[in-house]
Amino acid sequence: MFCYQCEQTYRSDESAGCAGPKGMCGKDATTSDLQDILLHVCEGIGQYLRRARTLGAIDADADRFVLYAFFTTLTNVNFNAGKFVELIQQAAQHRDRAKALYEKAAQTAGKTPERLSGAAAFIPAKDMNGLLAQASAAAVKKDAATLGDDVVGLRSLVLYGLKGVCAYAHHAEVLGQERAAIYAAVEHALDLLASEPREIGPLLDEALALGHANFSAMEALDAANTGSFGTPVPTIVRMTPIKGKAILVSGHDLKDLHAILEATKDKGINVYTHGEVLPAHSYPKLKAYPQLVGNYGGAWQDQQKEFADFPGPIVMTSNCLIEPQPRYRGRLFTAGPVGWAGVRHIENGDFSQVVQAALALPGFNEDAAEETVTIGFGRDAVLGVADKVIDAVKAGAIRHFFLVGGCDGAAPGRNYYTDFAEHAPQDTMVLTLGCGKYRFNRHDFGTIGGLPRLLDMGQCNDAYSAIVVASKLAEAFGVGVNELPLSLIVSWFEQKAAAVLLTLLALGVRNVRLGPTLPAFLTPALVNVLVEKFGIQPIGDAKADIEASLSRAA
């Protein structure tokens, strides 16, 4: 096992990476090695699909499988080793079908099919022991001794960015939004990785290409969410429980939440969101369900205590699962790409088991004192008052905007984001998205120019909305995005965040402050490239960074 894909990565003075029997996220070595093999076989699928696409032939099922398969390998998603044995066999079947598709398309076009090697020709063993014996062929750092850590690190940036693209595209696909350009970009990246590239230039170009693909994936997911559930509107959300039977929905997936709301109609069961599902309350078609009564708890990393205290079943709908503890393991359900051995998994959107569990469990026996937060400041809400914002900036009432957001975690140093938001001067506005907002979203920021100083824009993928807002404001002021009085203060945790960062770089957004630590797969030389080409900066002291941001803008 070797893994360094997320911010939890074990670090020492000598090295960085999880290489023992279990990673810092709780993933064991068996599961980690099987995930590497799954990705390797998927690279072979990409080799054939890319070539088939150039000849006008596509395999939509194989493309969708790749999105799902990659999603299962994200940090804190699926820890079930047995599931990965199944997925590897399915991947081999998809690859064989993609090979046949390509060869037929080539013959139809009067061309001789290429004879592909590497991942395209890899034959996975049929059982777990056999697969584990093959793990070295798919290891992340297998070429480090000959190529050096810079090339391997940049390969990893492409691989992990690709994971984020696949996750967002999968979220969109299950709601019916797909883009041929996204599938083409995924196939291209898989084909490049399968070729075991050795040059820094092409790898950096591919990373930026994935940034553009991720922008399309976030656009598709935005269209999927708003098309299915309406355009988010500013909404006051209760953050404390009320008396009654209860279900808790965590993760990210709005489709699963909708299915649960349908399943609990007239059942006397209250439904609560958790973590990154909080933004669901701002979507009109979801907030119309009276049993969607509020949000319970905070960010994903607090789930072990919060799930233990919740008196009903819990559904984990996508990523952000931590090892289930005995106090709630029997009440936990997984759905979609999520999995843990021994935990019940929901298939085909049938949440009847969850409803039965909720009716059998006690629920909350009394109302808690009411606390609320306001959410729902998506691009339409913000741009709807753009004239007020522009006037306030021109009048000097708003000096600067800080986007403080991203993926949260439990590592030391994340209090920086709380300090930054709470110390932002009163003549500045704080925009936020992702689960990092839980560190400060109950703080009273007051108002400015008749608007709330804290604007919660939604989930991590709603970086798309933030980018659209920034672009529209830049047009209104007649400047580029980098000339706006705007600073991005980003916390990263896993591969969705890596994809969002690549999007920002691909779109030319500079001077992003990134933390709490820089990714372990970025060597000092690669960090220097990002600093020189894109102005990436590690976070420092919150107050000093605020002053530096304001000074740069001035």
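These figures come from a predicted structure and were not determined experimentally.

So, on to the overall build of the protein chain. Regarding its fold elements, the protein chain presents 19 helices and 16 strands. Radius of gyration (C-alpha) of the protein chain: 23 Å, near the 24 Å computed for a compact globule of 554 residues. Seen along its three principal axes, the alpha-carbon backbone of the protein chain occupies a region of about 65 × 60 × 50 Å. Counting all 554 residues of the protein chain, 61% fall into the buried class. Taking contacts inside the protein chain between residues at least 6 apart in sequence as the whole, the part at least 24 apart equals 74%. With the model as given, the accessible surface of the protein chain reaches about 20900 Å², and the carbon-plus-sulfur share is 51%. With 50 positive and 60 negative side-chain charges, the protein chain shows a separation of 3 Å between the mean positions of the two kinds.

Secondary-structure assignment places Asp256 in helix H9 (residues 254–263). With no salt bridge to any partner, buried Asp256 finds its closest opposite charge in Lys255, at an N-O distance of 6.7 Å.

Many analyses report the size of an interface as the accessible area lost when the parts associate. Along its sequence, the protein chain is organised into domain 1 (1–142), domain 2 (235–360) and domain 3 (376–553). For domain 1 versus domain 3, the separation of C-alpha centres amounts to 34 Å. Tallying the contact residues gives 13 residues for domain 1 and 13 residues for domain 3. For the pair domain 1 and domain 3, the two sides together bury roughly 1000 Å², of which 58% comes from carbon and sulfur. When the area that domain 1 buries against domain 3 is broken down by residue, the three leading residues are Tyr4, Glu7 and Arg11, summing to 54%. If you look at where domain 1 meets domain 3, you find 1 salt bridge. Between the two partners, domain 1 and domain 3, sit 7 residue pairs in polar contact (both at pLDDT 80 or more). Of the residues contributing to the side of domain 1 that touches domain 3, the split by class is 5 nonpolar, 6 polar and 2 charged.

Our focus in this paragraph is the pairing of strand S6 (residues 332–335). Residues Leu332 and Thr334 point to one face of S6 and Phe333 and Ala335 to the other, with burial holding for every one of them. As paired elements, strand S5 (residues 314–316) and S6 share 3 bridges and run parallel to each other. Bridge assignment links Met316 to a residue of S6, and that residue is Thr334.

Right, let's get into the pattern of salt bridges. This structure, assessed with the given rule, holds 24 salt bridges. With its nearest N and O atoms 3.5 Å apart, the salt bridge here joins Asp309 to Arg327. Remark: Arg327 occurs in the loop between S5 and S6 and Asp309 occurs in helix H11 (residues 303–309); sequence separation between them is 18 residues. Asp309 sits in the partly exposed class, given a relative accessible area of 35%. Of the charged contacts in the structure, one is a salt bridge between Arg414 and Asp408, with a shortest N-O distance of 3.8 Å. Accessibility classification places Arg414 together with Asp408 in one group, the buried group. Each member of the salt-bridge network shares a partner with another, and the members are Glu7, Asp408, Arg414 and Arg439.

By the definition in use, this model includes 18 aromatic pairs. Aromatic ring contacts, followed pair by pair, group Phe2, Tyr4, Tyr160 and Phe521 into a single cluster.

With that settled, consider unusual backbone geometry. Negative phi is the rule for most residues except glycine; trans is the rule for most peptide bonds. The residue after Gly515, namely Pro516, is reached through a cis peptide bond having omega 5 degrees. Among the secondary structure elements, Pro516 is positioned in the loop between strand S15 (513–515) and helix H18 (524–534).

Further remarks concern empty space enclosed by the protein. Over the atoms a probe the size of a water molecule is rolled, and this reveals where empty space is left. Counted according to the given criterion, the structure contains 11 cavities of 30 Å³ or more. As a volume, the largest cavity reaches approximately 160 Å³. Taken together, domain 2 (235–360) and domain 3 (376–553) each give at least three residues to the lining of the largest cavity, which thus spans both. Its volume calculated, the second largest cavity comes out at about 120 Å³. Along the walls of the second largest cavity sit 20 residues, with Cys3, Gln5, Cys25, Lys27 and Thr75 positioned nearest its centre. Here the residues of the lining of the second largest cavity are counted per class, giving 10 nonpolar, 9 polar and 1 charged.

Core analysis: the largest hydrophobic core is formed by 158 residues, its most contacted members being Phe70, Leu162, Val186, Leu257 and Leu286. Of the residues forming this core, the biggest block, 13 residues, is contributed by helix H6 (residues 149–173). Core analysis: the second largest hydrophobic core is formed by 20 residues, Tyr296, Val338, Val343 and Phe364 among them.

Turning our attention to the sheet that holds strand S16 (residues 537–538). Pairing is parallel in the open sheet, where 6 strands are placed in the order S13-S10-S9-S14-S15-S16. With one partner strand each, in any of the chains shown, strand S13 (454–456) and S16 form the two edges of the open sheet. Note: strand S14 (residues 486–491) against S15, 3 bridges, orientation parallel. Each bridged residue has a counterpart across the sheet, and for Val490 the counterpart in S15 is Leu514. Against the sheet, helix H15 (residues 415–423) contacts strand S9 (400–406), strand S10 (428–432), S14 and S15, and its axis sits at roughly 155 degrees relative to S14.

Conventions adopted
Residues numbered from 1 in each chain as written. Predicted model: local features only at pLDDT ≥ 70, side-chain atom pairs only at ≥ 80, totals over all residues. Heavy atoms only, no water. Helix = DSSP H or I, 4+ residues; strand = E, 2+ residues; numbered from the N terminus. Rg over C-alpha atoms; globule rule 2.2 N^0.38 Å. Buried < 20%, exposed > 50% of the residue type's maximum accessible area, 1.4 Å probe, protein only. Contact = heavy atoms within 4.5 Å. Areas by Shrake-Rupley, 256 points an atom, 1.4 Å probe, with all protein chains shown as cover. Lys, Arg positive; Asp, Glu negative; His and termini not counted. Charge placed at Lys NZ, Arg CZ, Asp CG, Glu CD. Salt bridge = Lys/Arg side-chain N within 4 Å of Asp/Glu carboxyl O. Domains from an automatic or database assignment. Buried area = accessible area lost by both parts, 1.4 Å probe. Polar contact = N/O pair within 3.5 Å; in protein donor to acceptor, adjacent residues only side chain to side chain. Nonpolar A, V, L, I, M, F, W, Y, C, P; charged D, E, K, R; others polar. Pairing = 2+ DSSP bridges. Phe/Tyr/Trp six-rings, centres within 6.5 Å; stacked < 30°, edge-to-face > 60°. 1 Å grid on protein atoms, 1.4 Å probe; cavity = no way out; pocket = protein on both sides within 12 Å on 5 of 7 lines; lining within 4 Å. Points joined across faces, edges and corners; volume = space filled by probe spheres on them. Core = buried A, V, L, I, M, F, W, Y, C linked by side-chain atoms within 4.5 Å. Axes fitted to C-alpha atoms, helices over the stretch in contact; angles between N-to-C directions.

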